Amino acid sequence: MTKDNQVLEDITSKEYEHGWATDLEADESPKGLSEDTVRFISSRKQEPEWLLEWRLKAYRNWLKMTEPKWPNVKYPKINYQDIIYYSAPKKKTGPSSLDEVDPELIKTFEKLGISLTEQKRLSGIAVDAVIDSVSVATTFKEKLGELGIIFCSFSEAVREHPELIKKYLGSVVPMNDNYFAALNSAVFSDGSFCYIPKGVRCPMELSTYFRINAANTGQFERTLIVAEEGSYVSYLEGCTAPMRDENQLHAAVVELYAMKDAEIKYSTVQNWYPGDKNGKGGIYNFVTKRGLCAGDHSKISWTQVETGSAITWKYPSCVLKGDYSMGEFYSVAVTNNYQQADTGTKMTHIGKNTRSRIVSKGISAGKSQNSYRGQVHIMKRATNSRNFSQCDSLLMGDQCGAHTFPYIDVENNTAKVEHEATTSKIGEDQIFYCLQRGIDEEAAVALIVNGYAKEVLNQLPMEFAVEAQKLLALTLEGSVG
Amino acid sequence: MLTVKNLRAKIGEKQILNGIDLQVNAGEVHAIMGPNGSGKSTLASVLAGREDYEVTEGNVQFLGKDLLELEPDKRACEGIFLAFQYPVEIPGVSTVNFMKTALNKIREYRGMSPLDAVAFLQLMKEKMKLVEIDQSLLSRSLNEGFSGGEKKRNEIFQMAMLEPKLAILDETDSGLDIDALRIVANGVNKLRSKNNATILVTHYQRLLEYIVPDFVHVLYKGRIVKSGGKELALELEAKGYDWIKNELAIA
């Protein structure tokens, strides 16, 4: 075994740092999925009749659908009857201040380095914390309220703003869009809702931290962001999850709706438990994320740093309906050990003079498989549309794989579509150059990888970028080959 | 400072260094010359700790430590600097960021606290002047799209920043025009002190017009076959390497 391979072995033995479980009493639905489960969830959440009907319709659709087989990932068959679909922390009434929050939860956040009070005081981020599907703390709400911004849990939005939910739920990702979106539509437990009124620029980054907590609980989040004409919002989503032996299913849906001249920036740092170094355990992350640029001159920008999950199946997309609308996708996807990622984006150009930009940076290490899958579709009416795609892959070691599946469909001959792709390896020369300057091997890899991913990391809000850099370094420590 | 005894090294099955003996003291500048393939760059690489080479025999003492026992990054922290013949590109990493990381790693190794942003910037400004390098170059991705001269000047800038005890310059003069050569040489000369030492690895005598060595060694077939003062370089220039080869053939 060469030294580099030894180093490779060493890093693959890095255990997941956030691996622990919080001892909270959970209020759970019985295992399994049926119409009764859907009714249980809906009644537990005291939902109106129309929403129950919507869920049931989604459930019936789901029954007729089959799991997608086209992604370049392999996993054992999921037993949907062996999953708990609803679990809520015991506390029934919401806390009015942090003092009322379950101390166990506060400890959870502290382990993650997310102290709500500190966040409030230092960074001015309003945090809507989701633990096991129910929002437990929402901050800064009043300040946002003064501007007419709504930022609350999905359940609360259903109670307080039913007209908005009724209007926009499923408007970007229809309930029968795909297998996992249908599943989510039937059993979604909670999530976030965000509404920015006309002409308002949201003065702070809105942020939600997700956690998967109780054992065997599927996490079915639902996020809906609506930006009215001329408004702007930047939304951050960050995840960590405790260590588990059994695979956990995570099937979220995120819908973004941007009116004329509105802009939504959505950033994710995803760090779900990836499984151990032998590929045991880890999260299955099957997510549907889509944004609709409904109005002219609207803009939606996705930025993601994906380091976790055993399996990632995720294509944050933009439907560019409004003329002159713009979609962006910036992604860093890291896979290590036995992780599998099939991720990318879809840019659908419908309006005239629409533009899209795709920058994807894949990093594969260990025995992992990393695929970029992207579609650029220029429709008939989309004259003078433009797309630029850049897909880079970086390989570490000789046992991993990088794959690129670009699909380009052009139905309008005035369109300009550019695609660039590169594959490279971290060179021994680069490592030696760093070593010779006194930089140890782990720091060297971190430096080189962060340099490689810089274009994407630069898109993240400052405090998130720092977190993401650390995460990249942590995920890849020492994996040189 | 540096004592090399009977150093032998190979790459794969090919023996390249066949017993090098070399003594370098603080305050000295040594030039190592020799025809292509004589093992000059190998010697530089072995001293810096490049893994491609296997040391088969001999030992190297550096400031009282067994150099060959140290990992390459630890050698750098101990004060060995190699100016690369072919500096490596690192996309997305600026020279500034690279130097900040390196300098603080070395400080950490020596039990010093990291330099804060202000102190680092101050140091950088001072060293930039020394090697006549422009800040815009330092903000760009390391060596990416740099001209040959810019790369070499950047190496000397890094050397100025890290203030090594022993600097090894591997063919730093190759590919430089006369102006760039002068700037690089000026930088090296300004950094010379009684506390540090320099090994210049070069093929041509040209560099030695600007950086005057105390000793000149001729390397041939992996051995130092002739040593002398700076005049040896001139003699070599006048007579060519064949002179050495013939002399050896006769002996």
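Residues numbered from 1 in each chain as written. Chains lettered and ligands numbered in written order. Predicted model: local features only at pLDDT ≥ 70, side-chain atom pairs only at ≥ 80, totals over all residues. Heavy atoms only, no water.

Asks: Looking at this structure, how should I read the overall build of chain A?
Replies: Scanning chain A for helices and strands turns up 13 helices and 23 strands. By the burial criterion, 63% of the 481 residues in chain A qualify as buried. Look at the contacts in chain A between residues 6 or more apart in sequence, and 84% of them connect residues 24 or more apart. Accessible area of chain A: about 18200 Å², with a carbon and sulfur share of 48%. (Helix = DSSP H or I, 4+ residues; strand = E, 2+ residues; numbered from the N terminus. Buried < 20%, exposed > 50% of the residue type's maximum accessible area, 1.4 Å probe, protein only. Contact = heavy atoms within 4.5 Å. Areas by Shrake-Rupley, 256 points an atom, 1.4 Å probe, with all protein chains shown as cover.)

Asks: How do you make sense of the packing of helix H3 (residues 95–109) of chain B against helix H4 (residues 117–131) of chain B when you look at a structure like this?
Replies: Helix-helix packing is characterised by the crossing angle of the two axes and by the distance between the axes. Residues and elements named next belong to chain B. Running from amino to carboxyl end, H3 crosses H4 at an angle of 115°, the nearest separation of the two axes being 12 Å. Considering the angle they form, H3 stands roughly perpendicular to H4. Both H3 and H4 take part in a crossing whose hand is right-handed. Facing Val 96, Met 99, Lys 100 and Leu 103 of H3, the residues of H4 in contact are Phe 120, Leu 123 and Met 124. Of the residues that constitute the contact of H3 with H4, the class distribution is six nonpolar, no polar and one charged. (Axes fitted to C-alpha atoms, helices over the stretch in contact; angles between N-to-C directions. Parallel < 35°, antiparallel > 145°, perpendicular 65-115°, else oblique. Left-handed = near helix turned anticlockwise from the far one by under 90°. Nonpolar A, V, L, I, M, F, W, Y, C, P; charged D, E, K, R; others polar.)

Asks: What should I look at first to understand the nonpolar core in this one?
Replies: Nonpolar side chains in soluble globular proteins generally cluster together in the buried interior. Core analysis: the biggest nonpolar cluster contains 117 residues, and Leu 2, Phe 98, Leu 166 and Ile 199 of chain B have the highest contact counts within it. No other element matches helix H11 (residues 441–452) of chain A, which puts seven residues into this core. Setting aside residues up to four positions removed in sequence, Ile 199 of chain B forms contacts with Leu 2, Leu 22, Val 24, His 30, Ile 32, Leu 47, Leu 166, Ala 167, Ile 168 and Leu 169 of chain B. The next biggest cluster of nonpolar side chains, apart from the first, holds 52 residues, and it includes Val 38, Ala 186, Val 187 and Trp 313 of chain A. (Core = buried A, V, L, I, M, F, W, Y, C linked by side-chain atoms within 4.5 Å.)

Asks: What exactly am I supposed to notice about the interface of chain B and chain A here?
Replies: Accessible area lost when the parts come together is the quantity often used to give the size of an interface. Of the residues lining the interface, 33 residues belong to chain B; the matching set on chain A comes to 19 residues. Across the chain B to chain A interface the summed buried area is about 2200 Å²; carbon plus sulfur atoms make up 64%. Counting across the chain B and chain A interface gives three salt bridges. Two residues, Arg 437 of chain A and Glu 155 of chain B, come together in a salt bridge whose shortest N-O distance is 2.7 Å. Linking chain B to chain A there are 11 residue pairs in polar contact (both at pLDDT 80 or more). Elements with a minimum of two residues in the side of chain B that touches chain A: helix H2 (72–78), strand S6 (80–83), strand S7 (90–94), H3 and helix H6 (148–162) of chain B. (Buried area = accessible area lost by both parts, 1.4 Å probe. Salt bridge = Lys/Arg side-chain N within 4 Å of Asp/Glu carboxyl O. Polar contact = N/O pair within 3.5 Å; in protein donor to acceptor, adjacent residues only side chain to side chain.)

Asks: Help me understand H4 of chain B in this model?
Replies: An α-helix turns once every 3.6 residues. As a result, residues three or four positions apart point the same way. Residue and element names in this part refer to chain B. With 15 residues, H4 should reach 21 Å at 1.5 Å per residue; the first-to-last C-alpha distance of 21 Å fits that figure. When we look at burial in H4, the residues that qualify are Phe 120, Leu 123, Met 124, Lys 127, Met 128 and Val 131. For H4, the buried positions fall inside an angular range of 140° around the axis, keeping them on one side. Exposed and facing more than 90 degrees away from the buried side of H4 are Val 118, Gln 122 and Lys 129. Where H4 is buried, its residues meet H3, helix H5 (135–139), H6 and helix H7 (178–191). Capping the start of H4, Asp 116 holds a side-chain oxygen 3.1 Å from the backbone nitrogen of Val 118, two or three residues further along. Positive backbone phi, approximately 50°, marks Glu 132, located one or two places after H4. (Expected span 1.5 Å × (residues − 1). Arc of directions from axis to C-beta.)

Asks: It is not clear to me how H11 of chain A should be interpreted in this structure. Could you clarify?
Replies: All names here are of chain A. Here H11 spans 16 Å end to end across 12 residues, near enough to the 16 Å set by a 1.5 Å rise per residue. Burial within H11 is extensive, with 11 of its 12 residues counted as buried. Restricting attention to buried positions, one finds in H11 the residues Glu 441, Ala 443, Ala 444, Val 445, Ala 446, Leu 447, Ile 448, Val 449, Asn 450, Gly 451 and Tyr 452.

Asks: Hey, could you run me through the environment of Lys 167 of chain A in this one?
Replies: Residue and element names in this part refer to chain A. Inspection of the secondary structure puts Lys 167 in helix H8 (residues 162–168). Residue Lys 167 is classed as exposed on the basis of its relative accessible area, which comes to 58%. Of note is the side chain of Lys 167, whose polar atom sits 3.5 Å from the side chain of Tyr 168.

Asks: Explanation requested: the packing of aromatic side chains in the structure shown.
Replies: The way to describe two aromatic rings as a pair is by their centre distance and the angle between their planes. One pass over the structure, following the stated rule, counts 23 aromatic pairs over all chains. Ring plane angle 75° and centroid distance 5.8 Å describe the contact between Tyr 80 of chain A and Tyr 179 of chain A, whose orientation is recorded as edge-to-face. On the criterion of sequence distance, the pair formed by Tyr 80 of chain A in the loop between helix H3 (49–64) and strand S2 (87–89) and Tyr 179 of chain A in helix H9 (residues 179–187) is long-range, its members being 99 residues apart. The exposure class of Tyr 179 of chain A is buried, given its relative accessible area of 9%. Aromatic side chains Tyr 433 of chain A and Phe 84 of chain B sit 4.8 Å apart centroid to centroid with 80° between the ring planes, which places their arrangement in the edge-to-face category. Here Tyr 433 of chain A, found in helix H10 (residues 428–436), pairs with Phe 84 of chain B, found in the loop between S6 and S7, and the two come from separate chains. Residue classification places Phe 84 of chain B among the buried residues on the basis of a relative accessible area of 4%. Ring-pair connections join several aromatic residues into one group, and the members of that group are Tyr 59, Trp 62, Trp 70, Tyr 75, Tyr 80, Tyr 179, Phe 180, Tyr 284, Phe 286, Trp 313 and Tyr 315 of chain A. The ring of Phe 188 of chain A carries Arg 55 of chain A above its face, with NZ or CZ at 4.0 Å from the centroid. One cation-aromatic arrangement involves Arg 373 of chain A over Phe 405 of chain A; the distance from NZ or CZ to the ring centre is 4.6 Å. (Phe/Tyr/Trp six-rings, centres within 6.5 Å; stacked < 30°, edge-to-face > 60°. Lys NZ or Arg CZ within 6 Å of the ring centre and 35° of its normal.)

Asks: I tried to follow the side chain of Asn 154 of chain B on my own but got confused; where do I start?
Replies: Residues and elements named next belong to chain B. Relative to the assigned elements, Asn 154 resides in helix H6. According to the relative accessible area criterion, Asn 154 is buried, its value standing at 0%. Of note is the side chain of Asn 154, whose polar atom sits 3.1 Å from the side chain of Thr 95. Excluding residues within four positions of it along the chain, Asn 154 makes contact with Thr 95, Ile 133, Leu 138, Leu 142, Asn 143 and Phe 146.

Asks: Just checking my understanding: could you explain empty space enclosed by the protein for this structure?
Replies: Think of a ball as big as a water molecule: rolled over the atoms, this probe shows where empty space is left. All names here are of chain A. For the structure on display, the rule yields five cavities of 30 Å³ or more. Considering only enclosed or pocket space, the largest cavity measures out at about 110 Å³ in volume. In this structure, the largest cavity is lined by 16 residues; those nearest its centre are Ser 360, Gly 362, Asn 370, Ser 371 and Tyr 372. Mapped onto the lining of the largest cavity, the elements with two or more residues apiece are strand S17 (326–335), strand S18 (340–349), strand S19 (355–364), strand S20 (369–378), strand S21 (386–395) and strand S22 (401–410). Across the lining of the largest cavity, the residue classes break down as four nonpolar, 10 polar and two charged. (1 Å grid on protein atoms, 1.4 Å probe; cavity = no way out; pocket = protein on both sides within 12 Å on 5 of 7 lines; lining within 4 Å. Points joined across faces, edges and corners; volume = space filled by probe spheres on them.)

Asks: What should I look at first to understand the sheet that holds strand S1 (residues 2–11) of chain B in this one?
Replies: All names here are of chain B. The strand order S2-S1-S4-S5 describes an open sheet built from four strands, whose pairing is antiparallel. Of all strands in the sheet, those bounded by a partner on one side alone are strand S2 (14–24) and strand S5 (65–66). Sheet topology note: the S1/strand S4 (residues 53–62) ladder contains eight bridges and is antiparallel. Bridge assignment links Leu 2 to a residue of S4, and that residue is Phe 62. (Pairing = 2+ DSSP bridges.)

Asks: Just checking my understanding: could you explain the sheet that holds S6 of chain B for this structure?
Replies: The strands making up a sheet associate through hydrogen bonds between their backbones, and the pairing can be parallel or antiparallel. Residue and element names in this part refer to chain B. The strand order S6-S9-S10-S3-S11-S12 describes an open sheet built from six strands, whose pairing is mixed. Each edge of the sheet is formed by a strand with only one pairing partner; in this case those strands are S6 and strand S12 (223–228). Each strand of the sheet is rotated relative to its neighbour by a mean of 20°, with strand direction disregarded.

Asks: What is the right way to look at the side chain of Asp 342 of chain A in this model?
Replies: All names here are of chain A. As for its placement among the helices and strands, Asp 342 is situated in strand S18. Among the polar contacts made by the side chain of Asp 342, one reaches the main-chain amide nitrogen of Asn 72 at a distance of 2.7 Å. If we ignore the near neighbours within four places in the chain, the residues touching Asp 342 are Pro 71, Asn 72, Val 73, Thr 312, Trp 313, Lys 314, Tyr 315, Ser 371 and Arg 373.

Asks: Help me understand the packing of H4 of chain B against H6 of chain B in this model?
Replies: Residue and element names in this part refer to chain B. Their axes nearest at 9 Å, the elements H4 and H6 cross at an angle of 130°. Judged by the angle between their axes, H4 and H6 are oblique. Helix-helix and strand crossings are classified by hand; for H4 and H6 the assignment is right-handed. Only Arg 153, Ile 156, Phe 157, Ala 160 and Met 161 of H6 make contact with H4, whose side of the interface consists of Phe 120, Leu 123, Met 124, Lys 127, Met 128, Leu 130 and Val 131. Of the residues contributing to the contact of H4 with H6, the split by class is 10 nonpolar, no polar and two charged.

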